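Letter by letter, the chains look like this.
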Amino acid sequence: MMLLAIEQGNTNTLFAVHDGAEWIAQWRASTDSQRTADEYAVWLAQLLTTRGLTLADLTGCIISSVVPQSIFNLRNLSRRYLSAEPLVIGDNVDLGIPVRILKPSEAGADRLVNAIGAHLLYPGDLIVIDSGTATTFDVIAADGAFEGGIIAPGVNLSLQALHEAAAMLPRIAIQKPDKVIGKDTVSNMQSGVFWGYIALIEGLVARIKAEWGKPMTVIGTGGVVSLFEGATDSIDRFDPDLTIRGLLEIWRRNTHITGQ
């Protein structure tokens with residue numbers, strides 16, 4: 001089995017290849033809902049050659065996307081170039097977990113995949129923090145159920161809003177400032193974003209734990225959350241592979257069921 005796992009967020013899209021034993025390649029591209037299956041195929045074929053692979057070597061595909069208009073092209077990529085009918089989260093896939101929210105259909109594919117990836121490795125009740133375009137706080141019960149959570153603006157979205165709404169504020173990179181109190185515009189903004197998000201994380205984690213009333217392990221995932229490693233005790237573990245672990249598990253559950 002050679003599986004292509006595609007995890008598409010609003011900002012970036014991850015393509016990862018699993019050879020049946022381990023993940024052997026991962027690549028990221030900026031998310032573009034207008035990119036066609038043919039464009040994806042040309043890009044992906046070139047990257048596969050760096051691992052000594054071709055599109056023909058890929059025998060399966062699983063897709064998780066929060067961009068509905070892109071799913072058509074990603075599905076066609078699998079059908080045309082991999083000769084495989086893809087599994088699509090939220091479409092033809094049995095996740096195998098309870099979704100205990102008022103409208104289960106509203107749960108984002110990425111959040112459910114993270115819930116499965118987290119429950120596989122970490123026991124007990126969990127909070128998963130994933131920061132991309134939005135920063136999400138997801139509560140996963142000890143039985144693996146998705147219990148709901150919180151959606152807040154992502155770090156980059158906040159920076160973009162500051163830059164676009166205030167003429168005098170420049171576009172800056174996210175980094176940990178030397179001091180909390182900034183001495184110029186850039187350090188003021190860096191402190192506001194970096195320590196502001198630390199405060200957001202610490203405050204919301206504390207409130208979730210108080211409301212849940214039982215011990216919880218907090219897992220951070222996503223490229224932006226990794227910037228906060230070492231800056232707060234509110235996150236117990238940083239796990240960049242949460243999503244692809246979840247996708248692999250969903251693939252295994254469903255191909256076992258369907259006999260693929």
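Use the structure listed above.
None of these values were measured; they are calculated from a predicted model. (Residues numbered from 1 in each chain as written. Predicted model: local features only at pLDDT ≥ 70, side-chain atom pairs only at ≥ 80, totals over all residues. Heavy atoms only, no water.)

The next subject is the packing of helix α4 (residues 155-165) against helix α5 (residues 185-212). In contact at an axis separation of 11 Å, α4 and α5 are set at 150 degrees when each is read in the N-to-C sense. Put simply, α4 runs roughly antiparallel to α5. Relative to α5, the crossing made by α4 is right-handed. Here Val 155, Ser 158, Leu 159 and Leu 162 of α4 come into contact with α5, specifically with Met 189, Val 193 and Tyr 197. Residue composition of the contact of α4 with α5, grouped by class: 6 nonpolar, 1 polar and no charged. (Axes fitted to C-alpha atoms, helices over the stretch in contact; angles between N-to-C directions. Helix = DSSP H or I, 4+ residues; strand = E, 2+ residues; numbered from the N terminus. Parallel < 35°, antiparallel > 145°, perpendicular 65-115°, else oblique. Left-handed = near helix turned anticlockwise from the far one by under 90°. Contact = heavy atoms within 4.5 Å. Nonpolar A, V, L, I, M, F, W, Y, C, P; charged D, E, K, R; others polar.)

In a beta sheet, neighbouring strands pair by backbone hydrogen bonds and run either parallel or antiparallel. Strand order in the open sheet formed by 5 strands is β8-β7-β6-β9-β10, with mixed pairing between adjacent strands. For this open sheet the edge positions go to β8 (146-153) and β10 (237-238), each flanked by a neighbour on one side alone. Looking at chain direction, strand β6 (residues 125-131) and strand β9 (residues 216-221) are connected through 6 bridges and run parallel. Of the residues in β9, the one forming a bridge with Asp 125 is Met 216. Relative to β8, helix α3 (residues 109-121) is tilted by about 120 degrees, and along the sheet it contacts β6, β7 (134-140), β8 and β9. (Pairing = 2+ DSSP bridges.)

The next subject is the pattern of salt bridges. With the rule as written, the count across this model stands at 10 salt bridges. In this structure, the salt-bridge partner of Arg 80 is Asp 38, at a minimum N-O distance of 3.4 Å. Of this pair, Arg 80 sits in helix α2 (residues 68-82) while Asp 38 sits in helix α1 (residues 37-49), and the two are 42 residues apart along the sequence. Taking relative accessible area as the criterion, Asp 38 reaches 37% and is therefore assigned partly exposed. One salt bridge connects Arg 245 with Asp 239, and the closest N-O pair in it is separated by 2.8 Å. Take Asp 239: its relative accessible area is 6%, and that puts it in the buried class. One salt-bridge network, held together by shared partners, links Arg 100, Asp 143 and Glu 147. (Salt bridge = Lys/Arg side-chain N within 4 Å of Asp/Glu carboxyl O. Buried < 20%, exposed > 50% of the residue type's maximum accessible area, 1.4 Å probe, protein only.)

Even without a glycine there, the phi angle at Ser 83 is positive, about 55 degrees. Since its relative accessible area comes to 67%, Ser 83 is described here as exposed.

Our focus in this paragraph is the packing of α1 against α2. Relative orientation of the contacting elements α1 and α2 amounts to 60 degrees, with a least axis distance of 8 Å. Read as a crossing pair, α1 and α2 show a hand that is right-handed. Taking contact as the criterion, the partners of Ala 37, Asp 38, Tyr 40 and Ala 41 in α1 are, on α2, Asn 73, Leu 74, Asn 76, Leu 77, Arg 80 and Tyr 81.

Scanning the model with the defined rule gives 4 aromatic pairs in all. Note on Phe 15 and Tyr 40: the rings are 5.8 Å apart at their centroids and 50 degrees apart in plane angle, and the pair reads as tilted. Here the residue Phe 15 occupies a position in strand β2 (residues 12-18), and Tyr 40 occupies one in helix α1, the gap between them amounting to 25 residues. Tyr 40 shares its class with Phe 15; the two are buried. Of the aromatic side chains, those joined through ring pairs into one cluster are Phe 15, Tyr 40 and Trp 43. (Phe/Tyr/Trp six-rings, centres within 6.5 Å; stacked < 30°, edge-to-face > 60°.)

Here 5 strands make up an open sheet; going across it, the order is β3-β2-β1-β4-β5 and the pairing mixed. Every interior strand has two partners, whereas the edge strands, β3 (23-30) and β5 (87-88), have only one. Direction of pairing for β2 relative to β3: antiparallel, over a ladder of 7 bridges. Of the residues in β3, the one forming a bridge with Val 17 is Ala 25. Of the strands in this sheet, β1 (3-8), β2 and β3 are in contact with α1, which crosses β3 at around 140 degrees. Against the sheet, α2 touches β1, β2, β4 (60-65) and β5, its axis set at about 175 degrees to β4.

With that out of the way, let us pick up α2. Between its first and last C-alpha, α2 extends 21 Å over 15 residues, near the 21 Å set by a 1.5 Å rise per residue. Of the residues making up α2, those classed as buried are Ser 70, Ile 71, Asn 73, Leu 74, Arg 75, Asn 76, Leu 77, Ser 78 and Leu 82. Summarising the contacts, the buried residues of α2 are in contact with β1, β2, α1, β4 and β5. Following α2 by one or two positions, Ser 83 has its phi on the positive side, about 55 degrees. (Expected span 1.5 Å × (residues − 1).)

So far we have only geometry, and geometry alone does not tell us how the molecule works.
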